Amino acid sequence: MKHGDKTRKRILEAGVELWPDISLSKVAAKAGLTHGAVIYHYPTCQLKDAIAEYAVKEGISRVIVQLISSKHPAISEMTEGERSAHFYSV
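Conventions adopted
- Residues numbered from 1 in each chain as written.
- Predicted model: local features only at pLDDT ≥ 70, side-chain atom pairs only at ≥ 80, totals over all residues.
- Heavy atoms only, no water.
- Helix = DSSP H or I, 4+ residues; strand = E, 2+ residues; numbered from the N terminus.
- Rg over C-alpha atoms; globule rule 2.2 N^0.38 Å.
- Buried < 20%, exposed > 50% of the residue type's maximum accessible area, 1.4 Å probe, protein only.
- Contact = heavy atoms within 4.5 Å.
- Areas by Shrake-Rupley, 256 points an atom, 1.4 Å probe, with all protein chains shown as cover.
- Lys, Arg positive; Asp, Glu negative; His and termini not counted.
- Charge placed at Lys NZ, Arg CZ, Asp CG, Glu CD.
- Salt bridge = Lys/Arg side-chain N within 4 Å of Asp/Glu carboxyl O.

For the protein, the count of helices and strands is six helices and zero strands. Its helices and strands in sequence order give the protein the pattern α-α-α-α-α-α, from N to C terminus. Relative to the 2.2 N^0.38 estimate, which gives 12 Å for 90 residues, the radius of gyration of the protein is 13 Å and therefore close to what a compact globule would have. The principal-axis extents of the C-alpha atoms in the protein amount to approximately 40 × 25 × 20 Å. Per-residue burial over the protein gives 39% buried out of 90 residues. Expressed as a percentage of contacts within the protein between residues at least 6 apart in sequence, the contacts between residues at least 24 apart total 45%. Within the structure as shown, the protein displays about 5500 Å² of accessible surface, and the carbon and sulfur contribution to it stands at 54%. With 12 positive and 10 negative side-chain charges, the protein shows a spacing of 6 Å between the two charge centroids.

This is how it looks when you write it as C-alpha coordinates:
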(Lines give C-alpha, C1' and ligand atoms only; values in the text may rest on other atoms or scores of the structure.)
Protein backbone atom coordinates (compact mmCIF):
# COMPACT_ATOMS: atom_id res chain seq x y z
CA MET A 1 0.00 0.00 0.00
CA LYS A 2 1.35 3.40 -0.97
CA HIS A 3 1.88 6.16 1.56
CA GLY A 4 -1.02 8.21 0.15
CA ASP A 5 -3.35 5.21 0.39
CA LYS A 6 -2.35 4.67 4.01
CA THR A 7 -3.01 8.33 4.78
CA ARG A 8 -6.44 8.21 3.12
CA LYS A 9 -7.31 5.09 5.13
CA ARG A 10 -6.24 6.82 8.38
CA ILE A 11 -8.49 9.74 7.50
CA LEU A 12 -11.46 7.51 6.73
CA GLU A 13 -11.01 5.42 9.87
CA ALA A 14 -10.78 8.55 12.00
CA GLY A 15 -13.92 9.87 10.35
CA VAL A 16 -15.83 6.68 11.08
CA GLU A 17 -14.80 6.89 14.74
CA LEU A 18 -16.01 10.49 14.93
CA TRP A 19 -19.21 9.98 12.93
CA PRO A 20 -21.48 11.96 12.76
CA ASP A 21 -19.48 14.78 14.34
CA ILE A 22 -17.22 15.28 11.33
CA SER A 23 -15.05 18.32 10.71
CA LEU A 24 -11.71 18.68 8.97
CA SER A 25 -9.96 19.72 12.14
CA LYS A 26 -11.44 16.90 14.26
CA VAL A 27 -10.62 14.27 11.64
CA ALA A 28 -7.09 15.65 11.26
CA ALA A 29 -6.50 15.57 15.02
CA LYS A 30 -7.92 12.05 15.37
CA ALA A 31 -5.80 10.79 12.44
CA GLY A 32 -2.67 12.57 13.70
CA LEU A 33 -2.45 14.68 10.56
CA THR A 34 -2.50 18.35 9.70
CA HIS A 35 -5.64 20.10 8.54
CA GLY A 36 -3.90 20.64 5.18
CA ALA A 37 -3.16 16.93 4.76
CA VAL A 38 -6.84 16.08 5.13
CA ILE A 39 -7.84 18.77 2.63
CA TYR A 40 -5.20 17.51 0.20
CA HIS A 41 -6.72 14.02 0.19
CA TYR A 42 -10.38 14.99 0.67
CA PRO A 43 -11.54 18.52 -0.14
CA THR A 44 -14.02 19.82 2.43
CA CYS A 45 -17.09 19.05 0.33
CA GLN A 46 -15.99 15.42 -0.24
CA LEU A 47 -14.87 14.35 3.23
CA LYS A 48 -18.19 13.35 4.79
CA ASP A 49 -19.32 11.53 1.64
CA ALA A 50 -16.00 9.67 1.41
CA ILE A 51 -16.36 8.57 5.05
CA ALA A 52 -19.96 7.47 4.41
CA GLU A 53 -18.91 5.41 1.39
CA TYR A 54 -16.07 3.85 3.37
CA ALA A 55 -18.46 2.91 6.19
CA VAL A 56 -20.78 1.19 3.70
CA LYS A 57 -17.90 -0.61 2.01
CA GLU A 58 -16.55 -1.81 5.36
CA GLY A 59 -20.01 -2.67 6.73
CA ILE A 60 -19.83 -0.38 9.76
CA SER A 61 -23.40 -0.72 11.05
CA ARG A 62 -23.27 2.15 13.55
CA VAL A 63 -22.69 4.59 10.68
CA ILE A 64 -24.82 2.77 8.10
CA VAL A 65 -27.93 2.98 10.31
CA GLN A 66 -27.52 6.76 10.45
CA LEU A 67 -26.96 6.89 6.69
CA ILE A 68 -30.15 4.91 6.13
CA SER A 69 -32.20 7.21 8.34
CA SER A 70 -30.88 10.27 6.52
CA LYS A 71 -31.32 8.61 3.08
CA HIS A 72 -27.68 9.27 2.21
CA PRO A 73 -26.73 8.36 -1.37
CA ALA A 74 -23.98 6.02 -0.10
CA ILE A 75 -26.63 3.42 0.79
CA SER A 76 -28.46 3.59 -2.55
CA GLU A 77 -26.97 0.30 -3.79
CA MET A 78 -27.94 -1.63 -0.66
CA THR A 79 -30.93 -3.96 -0.74
CA GLU A 80 -33.68 -3.69 1.87
CA GLY A 81 -32.39 -6.90 3.42
CA GLU A 82 -28.87 -5.53 3.74
CA ARG A 83 -30.21 -2.33 5.27
CA SER A 84 -32.36 -4.23 7.78
CA ALA A 85 -29.42 -6.42 8.83
CA HIS A 86 -27.52 -3.36 10.03
CA PHE A 87 -30.34 -2.32 12.35
CA TYR A 88 -30.18 -5.67 14.11
CA SER A 89 -26.43 -5.49 14.65
CA VAL A 90 -26.40 -2.09 16.37
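As a further point, take unusual backbone geometry. Cis geometry marks the peptide bond from tryptophan 19 to proline 20, where omega comes out at 5°. Examined against the element boundaries, proline 20 turns out to sit in the loop between helix H1 (3-18) and helix H2 (24-31). The backbone phi angle of lysine 71 is positive, close to 55°, even though this residue is not glycine. Summarising the element assignment, lysine 71 is placed in the loop between helix H5 (61-69) and helix H6 (80-89).

Let's shift gears to the pattern of salt bridges. Inspection of every chain in the model, using the stated rule, returns six salt bridges. Ionic pairing is found between arginine 8 and aspartate 5, a salt bridge with its closest N-O pair at 2.6 Å. Of this pair, arginine 8 and aspartate 5 both sit in helix H1, three residues apart, which is roughly one turn of that helix. Residue classification places aspartate 5 among the partly exposed positions, given a relative accessible area of 32%. Ionic pairing is found between glutamate 80 and arginine 83, a salt bridge with its closest N-O pair at 3.5 Å. Pair noted here: glutamate 80 and arginine 83 are both in helix H6, with a separation of three residues, about one helical turn. Residue classification places glutamate 80 among the exposed positions, given a relative accessible area of 56%.

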